[in-house]
Amino acid sequence: MFGEILNNYTLDSLKNGEFTLSENSIKQDLSLLIQALDSSISGIILTDNQQPDNPIIYCNKAFEFITGYKRHEIIGHNCRFLQKEDRGQKERSILRKAVEDGAECVVEMRNYQKNGTLFWNELYMSPIKDEQGNVCYFIGVQNDITRRKKAEQELLHQQNIMESQIQERTKSLKESEDYLSSIVQTVRESLVVLNPEFEVLSVNDHFLKTFKVSREETEGKLLYELGNGQWDIGKLKELLENILPTNNPVEEFEVEHDFPHIGKKLMLLNAHRIELEGQYKDRILIAIEDITDRREIERRKDDFLSIASHELKTPLTTIKGYIQVMQRLLPDSVGDKLKEILNKTGIYVERLNSLIAELLDMSKIQTGNIELHKETFDFDKAIHEAVENMQAATKTHHIIIRGHATNNYTGDESHIIQVINNLLSNAIKYAPDSEEVQVYLSRVSNFLKVSVSDKGMGIKIEEQKKIFDRFYRVGEIQQRFPGMGIGLYVCDQIIKNHGGTLWVESEPGNGSTFSFTLPLDEGRFNEQ
Ligand code: ADP
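Residues numbered from 1 in each chain as written. Predicted model: local features only at pLDDT ≥ 70, side-chain atom pairs only at ≥ 80, totals over all residues. Heavy atoms only, no water.

A. A look at the overall build of the protein chain. Scanning the protein chain from terminus to terminus reveals 15 helices and 17 strands. A compact globule built from 528 residues would reach a C-alpha radius of gyration of about 24 Å, whereas the protein chain, at 49 Å, exceeds it by more than 25%. For the protein chain, the spread of C-alpha atoms along the principal axes amounts to about 165 × 60 × 50 Å. Counting every position in the protein chain, which comprises 528 residues, the buried fraction comes to 38%. For the protein chain, the accessible area works out to roughly 31,400 Å², and carbon and sulfur atoms hold 52% of it. Computed over 63 positive and 83 negative side-chain charges, the separation of the two mean positions in the protein chain equals 4 Å. (Helix = DSSP H or I, 4+ residues; strand = E, 2+ residues; numbered from the N terminus. Rg over C-alpha atoms; globule rule 2.2 N^0.38 Å. Buried < 20%, exposed > 50% of the residue type's maximum accessible area, 1.4 Å probe, protein only. Areas by Shrake-Rupley, 256 points an atom, 1.4 Å probe, with all protein chains shown as cover. Lys, Arg positive; Asp, Glu negative; His and termini not counted. Charge placed at Lys NZ, Arg CZ, Asp CG, Glu CD.)

The structure is reproduced here in structure tokens:
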């Protein structure tokens, strides 16, 4: 009845005056009602609960618009046609229950327009009761909430992605934490982590074992208060305080101290700012290594080398002397064979002599006993003479000398000559397939510069720093060329003792250039 009125009496029929006077007031009310319902942006339907299958008896314009169906395709149908095949939605049972109970409900359902397009329908359903309280109709108000639903789903999707990313991240953080902590516990170095106030945040087991202390008496304490104040050293404090502001690490800082429980020890400290993917920038990690035994072994080895080379040198000098006497006393009548044997013996004794001299030089450097005999000499002349002597001793290579450095240099001439001899003999030794070695003398600002270039095998970039370490020889040449890996170490020390710098530029296969500079002004002369 209600639906009939609304559907049959369109606005036009009302306007055309098809009502009696008493009906006129109803007519006005209905006219207003129909206008109101048709201007609503929500789809509105009425269903008749008293008819079988609760059919739709009224729909407004917005409902036609939202669903894409025309009024004649809607009236008389049960609402379920809007779900098309998508009938499994749990909201349907909520609706069914509300109809049974004559109650109101709100559901969000997937509905389909006439052309099959999905839209999310927020349906508010409310019963209309007669005077006896029986439910006769239901009014359904629908809103297309597809956009909101999409945004919600998008948000949910993003949330899921974020959640799984967080889970991943947490898992990998946990893994790296476990990984780091197993490293920290395994390393054979004592590790200490400090906060910016130099309080100990944590130490590893090795620290506790090395210093024979407990975690309680270490963690939470100031570094400088540990033990008997072993780390309370002015210079160390200054370096540690610089780490966080400048990111300059503390490297190879030696602490010799009488520690509680463990006695006199030599410890080597390295400290760095900790940075874990941008986190923990305000932490300092100190690695402490007990080098007492290692230093003692090195000292004993140096002592041994020093004693051995001294002991070898004395008889060798005597042998050298006897060979010279024998060469002099040899009668002319003696055969060439004997002369040659004696000459070769002299050469080998000389080689042995220079090896022992190298060892002696090295142990003098190690013990700090190297003496500088400083005097002013003609530098260029001394280098020319050294080159001539080396040229006289080699038949395989041609040594070319160019340029000028100075005629007036103050330093230890014999040491400088030792350096040039060493660089020349290496240039000859490690360039067996070339014929030329070049020496270049020059002045650069207030420095003199000497360069020795060969066209030999060259040195790989990663080896170039190491060859100045004592006993270091490049792996592949060890078997082919005699040597002990001491020469460049001695040269480097001599040049440093004169306040200069020695370096190499080289490319494998393209030869090497060893250069050194020495300061010419007396004030910068570095006596050690
Ligand atoms: P030694 O020659 O006794 O091995 P050095 O200290 O003089 O010791 O040299 C150290 C190492 O540097 C050598 O073993 C060699 O590997 C490398 N080296 C030195 N000079 C040259 C050079 N001119 N060309 C290529 N390699 C060189």
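On we go from here.
B. Spotlight on the pattern of salt bridges. In the structure shown here, the tally under the stated rule is 27 salt bridges. A single salt-bridge network, built from bridges that share partners, covers Glu108, Glu122, Arg148, Lys149 and Glu152. (Salt bridge = Lys/Arg side-chain N within 4 Å of Asp/Glu carboxyl O.)

C. Summary view of the sheet that holds strand β14 (residues 436-444). One open sheet accounts for five strands, arranged β12-β14-β15-β17-β16; its pairing is mixed. The open sheet has two edge strands, β12 (398-403) and β16 (501-506), and neither has a second partner. Put simply, the sheet's adjacent strands are angled 15° from each other on average, direction ignored. As paired elements, strand β15 (residues 447-454) and strand β17 (residues 512-519) share seven bridges and run antiparallel to each other. Bridge assignment links valine 452 to a residue of β17, and that residue is phenylalanine 514. In this fold helix α13 (residues 413-429) packs onto β12, β14, β15, β16 and β17, with an angle of close to 25° to the strand it touches most, β15. (Pairing = 2+ DSSP bridges. Axes fitted to C-alpha atoms, helices over the stretch in contact; angles between N-to-C directions. Contact = heavy atoms within 4.5 Å.)

D. How the structure looks around the sheet that holds strand β2 (residues 56-59). With antiparallel pairing, five strands are arranged side by side in an open sheet as β2-β1-β5-β4-β3. The sheet is open, and its two edges are formed by β2 and β3 (105-112), each paired on a single side. Here the average twist between neighbouring strands, direction ignored, is 30°. Where strand β1 (residues 43-48) meets β2, three bridges bridge the pair, whose relative direction is antiparallel. Across the sheet, the residue bridging to threonine 47 is isoleucine 56, located in β2. In the packing of helix α6 (residues 91-101) onto the sheet, the strands contacted are β3, β4 (118-129) and β5 (135-144), and the crossing angle to β3 comes to about 130°. Across the sheet, helix α7 (residues 146-186) touches β3, β4 and β5, and the angle it forms with β4 is around 120°.

E. Seen up close, the side chain of asparagine 195. Note that asparagine 195 resides in the loop between β6 (190-194) and β7 (200-203). On the basis of relative accessible area, asparagine 195 is assigned to the buried category, the value being 9%. One polar contact links the side chain of asparagine 195 to the main-chain amide nitrogen of glutamate 199, over a distance of 3.0 Å. Not counting residues within four places of it along the chain, the set of residues in contact with asparagine 195 comprises Leu201, Asp282 and Arg283. (Polar contact = N/O pair within 3.5 Å; in protein donor to acceptor, adjacent residues only side chain to side chain.)

F. Focus on the site of the ligand. By nearness alone, 20 residues border the ligand, and Asn426, Tyr430, Asp454, Arg473 and Leu488 come closest of all. Side-chain polar atom of aspartate 454 to a nitrogen atom of the ligand: 2.9 Å apart, as the coordinates give it. Take glycine 487: an N or O atom from its main chain is 3.3 Å from an oxygen atom of the ligand. When isolated, the ligand has an accessible area of 530 Å², and the protein chains bury 98% of it. If you list the elements that add at least two residues to the shell around the ligand, you get α13, α15 (487-497) and β17. Looking at the shell around the ligand, its residues break down into eleven nonpolar, six polar and three charged. (Near = heavy atom within 4 Å. Nonpolar A, V, L, I, M, F, W, Y, C, P; charged D, E, K, R; others polar.)

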